[in-house]
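# A structural walkthrough
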Amino acid sequence: METQNLQQQSGVLPQQASPGIGRRRFLGYVLAASTLTVAAQLGEGAAAPRADAAVPGVPEPADLYDLNDMLTDAALPTSNLITITLNPDGTASFALPRAEVGQGVTTSTAMLIAEELDLPLDKVQVTLADARPELLFNQFTGASNTTISSYVPIRVAAATARQRLLEAAATELGVALSALSVLQGVITAPDGRSLSYAELAVAAGSLTDLQVSVTLKAASAFTVVGTPQNRVDALDAVTGRKQYAMDVQVPDAMPAMICRPPTINGTVVSVQNQAAVQAMPGITDVAVVSTGVAVRGRTFGQCIDAVQALQVTWGPGSEDSATDASVLAELRAAENPLVTPPLPLLTEAVDARFTFHFASNSPLETNCAVADVRSGSAEIWTSAKSPIDAQEQLAVQLGLPVNAVTVHVTEGGGSFGRKLFFDAALEAAEVSQAMAKPVRLMWHRTDDFRQGRVHPMSISRVRATYALGQVLTMDQRHTSVATEFGHGLGEIITASVAKLPVGGLAFSETIFSLTQQTPYNFGVTTQLLTEVDNGFHTGSMRGIYSPNVRCAQELIVDQLAAAMGQDPYRFRQGFLKDPRAVAVLDAVAQAGDWGRTMAPGTAQGIAIHPEYHGFVAVLAEIDCTRATVDRSVPDAVTGPRVTKVVCAVDVGLAVNPTGLEAQMMGGIMDGIALALTSSLHLAGGYFQEGSWDDYFYTRQWNTPPELDIIVMPPTTGTPGGAGELAVAGAMAAVACAYGRATGSMPTTFPVNHGAPLAFTPLPTVPPIPQSPTDGLSRAY
């Protein structure tokens with residue numbers, strides 16, 4: 001893989017490129033504590049300029065105020081409750097009220113603190129905070145919001161600590177504060193005398209709360225922010241020392257698993273052999289719970305044996321007869337119709353409908369949680385992106401006061417939206433309460449595919465009209481199986497509203513409006529969402545609606561370019577609203593040698609995606625000469641293969657370019673999977689896939705051997721969203737490349753969804769056969 005960091009090439013964060021927070025002064029707070037403890041609040045960003053066009057696009061809601069803006073504003077009032085502590089050994093500690101699920105926010109947060117505090121990065125300790133209800137919306141991890149919302153408050157808190165340390169040093173050394181210098185956690189006087197932060201931690205503390213006025217560092221003075229840094233947890237990750245939920249040591253917490261119904265939302269009618277299963281080797285308990293039959297044993301292997309041995313009579317579920325075809329018919333019947341009056345003279349239209357099948361988030365770490373529920377209290381350990389909501393819902397479920405429930409947030413082995421929900425925590429608590437014993441609950445992979453949350457199936461119709469070299473209108477009607485937002489914005493009120501029949505629809509519509517935007521000046525642009533069928537377990541996946549919505553749009557853009565006799569790249573370039581979007585598009589076109597001569601059956605595709613104050617452009621090259629997908633040979637080079645990807649990304653300010661590159665790489669792999677191979681097949685009320693052997697996420701054979709990530713120079717001086725940015729851009733670019741290589745625009749995704757299944761689906765109910773060739777190892 002080749003990477004380019006234009007940010008480094010152009011110098012570190014030039015002051016003139018940072019109009020965001022400038023040199024304004026902020027108020028910080030020194031809190032009463034034995035050592036220095038500080039907090040901060042407030043912050044603001046700057047809007048990017050807009051380009052003009054012959055037929056300018058009407059601003060959409062997300063152009064003016066998007067989901068990230070809303071989350072940032074919601075977090076602001078409680079930012080002064082988040083504190084940094086300087087310890088007696090000279091290190092700084094910070095409990096991050098967001099989840100680390102592999103996206104690298106503990107590293108970027110440590111960098112912000114190290115920058116303003118003038119402390120070595122390895123002296124900053126970032127942990128994850130337990131659920132704190134007083135933080136309200138400020139403990140919700142989603143919409144790529146962590147760095148955006150915390151960028152100013154964390155810096156102000158760190159600058160406050162630095163100011164207080166300087167004041168303490170000035171007193172100790174008997175010199176003017178302005179004469180002191182700071183380097184790597186050591187304050188030095190003009191005569192060479194110095195004091196370390198460790199020596200000043202207690203002296204800088206306060207017996208009462210104090211207000212301090214501070215000025216943040218100029219961007220031109222940055223030495224940490226904006227420079228490539230390895231992850232602070234990298235060594236622990238590669239040596240196995242990193243602690244996830246299943247690594248937490250809780251006395252007497254034994255493995256537990258659940259035997260789940262054969263169809264979605266099925267219920268337990270009776271268990272024929274509960275006593276016999278409870279007498280199996282190592283098994284301590286068997287209990288019927290709301291989601292199935294739970295077993296607890298000394299090892300997970302014994303739990304698997306017990307689950308396989310259970311004989312359960314199951315009641316019907318919510319989707320017992322559902323198939324891909326039946327859901328597709330339901331979506332088409334619910335589609336909000338487009339009004340298509342006769343076209344004016346010289347005006348023509350491009351019109352197409354796209355289908356996007358169910359998909360799985362598939363984080364490496366399946367759902368899991370440790371729970372210890374007692375008569376008057378409960379303690380839970382899990383990776384949760386909405387821990388306040390988890391704590392409050394657990395309290396309701398267990399019949400306990402909220403302050404009697406403790407939710408410890410552990411680091412997560414991936415999420416991609418999955419850990420916005422805390423199903424495993426609710427289940428673990430229910431099982432622990434039913435058995436009156438602590439449990440270590442884990443889902444196996446088949447649970448995750450079949451009874452877990454999925455990205456909903458959807459269709460999207462897009463119609464654009466054009467005349468005399470201009471696009472006049474673009475209308476999109478996106479119809480989807482309902483996306484559940486039962487986590488709300490991370491606390492019980494919005495979560496409860498999102499679960500209401502009418503409230504859920506309103507919540508979905510709000511999220512859709514605040515996330516979907518068209519980057520082009522296409523005249524009158526409308527995007528409307530319709531949702532149906534609440535019988536599935538669904539949830540957000542990386543990008544929520546964006547990958548499907550933007551893929552459909554970008555394919556239509558290619559069709560418009562062809563109809564109007566223009567090159568796809570030049571066509572996009574001429575209609576983009578924002579100069580930042582033009583810059584990333586030009587960067588990939590140049591680096592990827594757009595328009596070069598390619599062999600038959602191969603082609604380039606290009607796409608752009610705006611999201612959360614960031615822009616990404618992706619150029620993909622594809623080889624479709626092996627057009628047949630052979631599912632029986634999952635790791636062979638079969639079917640279309642992406643051979644090259646160039647990605648240019650502008651997030652305003654990249655706090656850690658290395659982490660940003662990693663996010664882009666992961667997003668590109670997600671986009672390739674969604675475009676070509678990755679989907680769930682619904683038949684008879686359950687998903688056929690039962691393991692990663694069956695689920696075709698991007699594999700080695702279709703991972704591009706050439707991958708070039710270009711990090712653009714700073715443009716706004718403040719960070720934009722990055723965690724989801726590349727998925728939609730990559731999916732669209734690959735789809736466009738596929739259409740140009742095959743000569744036919746794809747309309748069903750992934751493109752291999754209709755290929756015959758070459759695997760035998762795993763059984764839906766135990767006992768599962770024990771033959772060595774039955775695929776048991778695939779499930780567990």
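Residues numbered from 1 in each chain as written. Predicted model: local features only at pLDDT ≥ 70, side-chain atom pairs only at ≥ 80, totals over all residues. Heavy atoms only, no water.

A few words on the overall build of the protein. A tally of helices and strands in the protein yields 21 helices and 32 strands. Taken over the C-alpha trace, the protein has a radius of gyration of 27 Å; the compact-globule value for 780 residues is 28 Å, and the two agree within 12%. Overall, the C-alpha framework of the protein stretches about 80 × 80 × 45 Å when taken along its three principal axes. For the protein, buried positions account for 61% of its 780 residues. For the protein, restricting intrachain contacts to residue pairs at least 6 apart in sequence, the fraction spanning at least 24 positions comes to 80%. (Helix = DSSP H or I, 4+ residues; strand = E, 2+ residues; numbered from the N terminus. Rg over C-alpha atoms; globule rule 2.2 N^0.38 Å. Buried < 20%, exposed > 50% of the residue type's maximum accessible area, 1.4 Å probe, protein only. Contact = heavy atoms within 4.5 Å.)

With that out of the way, let us pick up the sheet that holds strand E24 (residues 470–481). If you trace the five strands from one edge of the open sheet to the other, you get E25-E24-E23-E16-E32, paired in mixed fashion. Strands with a single pairing partner mark the edges of an open sheet, and in this sheet they are strand E25 (524–532) and strand E32 (748–749). As judged from the nine bridges shared by strand E16 (residues 348–356) and strand E23 (residues 458–467), these two strands associate in the antiparallel manner. When the sheet's bridge partners are listed, threonine 355 is paired in E23 with isoleucine 459. (Pairing = 2+ DSSP bridges.)

Moving on: a nonpolar patch on the surface. The grouping of Leu345, Leu346 and Leu468 at the surface amounts to a nonpolar patch, some 430 Å² of accessible area in total. Counting through the fold element by element, leucine 346 comes out in the loop between helix H10 (324–334) and E16. (Patch = residues over 30% accessible without salt bridge, like charges linked within 9 Å, V, L, I, M, F, W, Y side chains within 5 Å. Areas by Shrake-Rupley, 256 points an atom, 1.4 Å probe, with all protein chains shown as cover. Salt bridge = Lys/Arg side-chain N within 4 Å of Asp/Glu carboxyl O.)

Packing of helix H11 (residues 387–398) against helix H12 (residues 423–435) brings their axes to within 10 Å, and their N-to-C directions diverge by 30 degrees. In terms of orientation, H11 lies roughly parallel with respect to H12. As for how H11 packs across H12, the hand of that crossing is right-handed. Contacts from Gln393, Leu394, Gln397 and Leu398 in H11 reach Ala425, Leu426, Ala429, Glu430 and Gln433 in H12. For the contact of H11 with H12, the per-class residue count stands at five nonpolar, three polar and one charged. (Axes fitted to C-alpha atoms, helices over the stretch in contact; angles between N-to-C directions. Parallel < 35°, antiparallel > 145°, perpendicular 65-115°, else oblique. Left-handed = near helix turned anticlockwise from the far one by under 90°. Nonpolar A, V, L, I, M, F, W, Y, C, P; charged D, E, K, R; others polar.)

As a further point, take the pattern of salt bridges. Pairs can form between side chains of opposite charge whenever their charged atoms are close. Applying the stated criterion to the full structure yields 32 salt bridges. In the salt-bridge network here, residues are joined through shared partners; they are Glu100, Arg231, Asp233, Lys242 and Glu411.

The omega torsion across phenylalanine 749 and proline 750 is -5 degrees, close enough to zero to call that bond cis. Note on placement: proline 750 falls in the loop between E32 and helix H21 (776–779). Positive phi is not limited to glycine here, since leucine 468 has a value of about 55 degrees. Secondary-structure assignment places leucine 468 in the loop between E23 and E24. Despite not being glycine, aspartate 593 has its phi angle at roughly 55 degrees, a positive value. The exposure class assigned to aspartate 593 is partly exposed, which follows from its relative accessible area of 42%.

A few words now on the packing of aromatic side chains. Applying the stated criterion to the full structure yields 12 aromatic pairs. A network of ring pairs unites the aromatic residues Phe485, Phe507, Phe512 and Tyr545 as a single cluster. Taking the ring centre of tryptophan 443 as reference, the NZ or CZ of arginine 418 above it sits at 5.8 Å. The lysine or arginine in question, arginine 445, covers the ring of tryptophan 692, its NZ or CZ lying 3.9 Å from the ring centre. (Phe/Tyr/Trp six-rings, centres within 6.5 Å; stacked < 30°, edge-to-face > 60°. Lys NZ or Arg CZ within 6 Å of the ring centre and 35° of its normal.)

The next point concerns the environment of aspartate 233. As for its placement among the helices and strands, aspartate 233 is situated in the loop between strand E10 (210–215) and helix H7 (234–239). Among the polar contacts listed, one links the side chain of aspartate 233 to the side chain of arginine 231, at a separation of 2.8 Å. (Polar contact = N/O pair within 3.5 Å; in protein donor to acceptor, adjacent residues only side chain to side chain.)

Before going further, it helps to examine H12. Helix length check: H12, at 13 residues, gives a terminal C-alpha distance of 18 Å against a target of 18 Å (1.5 Å per residue), a fit within 8%. Most of H12 is tucked away, with 10 of its 13 residues classed as buried. What H12 keeps buried is the set Asp423, Ala424, Ala425, Leu426, Glu427, Ala428, Ala429, Val431, Ser432 and Met435. Of the residues flanking the end of H12, it is alanine 436, one or two places downstream, whose phi is positive at about 55 degrees. (Expected span 1.5 Å × (residues − 1).)

A separate point is the confidence of the model for the protein. Overall, the prediction assigns the protein a mean pLDDT of 90, with 92% of residues at 70 or greater. A low-confidence stretch, residues 6–19 stays under pLDDT 50, and its non-local contacts, those more than four residues away or across chains, total 40 contacts. Here residues 768–780 is a poorly scored stretch, pLDDT under 50, and it has 28 contacts once near neighbours within four places are set aside; other chains count. (pLDDT = per-residue confidence, 0-100.)

On the basis of which strands lie adjacent, the open sheet formed by seven strands has the order E13-E14-E11-E21-E18-E19-E20 and mixed pairing. Of all strands in the sheet, those with a lone pairing partner are strand E13 (283–289) and strand E20 (405–409), marking the two edges. With direction set aside, neighbouring strand axes in the sheet form an average angle of 20 degrees. Note that strand E11 (residues 254–259) and strand E14 (residues 292–297) share four bridges and pair antiparallel. From the neighbouring strand, cysteine 259 faces E14, where its bridge partner is valine 293. Across the sheet, H11 lies against strand E18 (368–373), strand E19 (378–382) and E20, angled at about 145 degrees from E20, the strand it touches most.

Let us look at the pairing of E23. The element E23 is largely enclosed, with a buried count of 10 among its 10 residues. The side-chain alternation of E23 yields two buried faces, one formed by Ser458, Ser460, Val462, Ala464 and Tyr466 and the other by Ile459, Arg461, Arg463, Thr465 and Ala467. The sheet contact formed by E23 and E24 spans 10 bridges and is antiparallel. Each residue of the ladder has a partner; that of tyrosine 466, found in E24, is valine 471.

A separate point is helix H3 (residues 67–75). Restricting attention to buried positions, one finds in H3 the residues Leu67, Asn68, Asp69, Leu71 and Ala75. One side-chain oxygen of the residue at the start of H3 lies 3.0 Å from the amide nitrogen of asparagine 68, identifying that residue as aspartate 66.

Our focus in this paragraph is the nonpolar core. One recurring pattern in soluble globular proteins: nonpolar side chains tend to sit buried together. Residues Phe358, Leu560, Met664 and Ile668 are the most contacted members of the largest nonpolar core, which totals 97 residues. Looking at this core, the element that brings in the most residues is helix H20 (residues 725–742), giving 13 residues. Aside from chain neighbours lying at most four places away, what touches isoleucine 668 is Val645, Cys647, Leu707, Ile709, Ala726 and Ala730. Core analysis: the second largest hydrophobic core is formed by 58 residues, Leu86, Leu112, Leu135 and Val182 among them. (Core = buried A, V, L, I, M, F, W, Y, C linked by side-chain atoms within 4.5 Å.)

For the rest of this paragraph, the subject is the environment of valine 202. Relative to the helices and strands, valine 202 is located in the loop between helix H6 (197–200) and E10. The class of valine 202 is exposed, set by a relative accessible area of 53%. In this structure the C-alpha to C-alpha distance between valine 202 and alanine 322, which are 120 residues apart in sequence, comes to 65 Å. Those residues in contact with valine 202 that sit more than four places away from it in its chain are Ser34 and Thr35.

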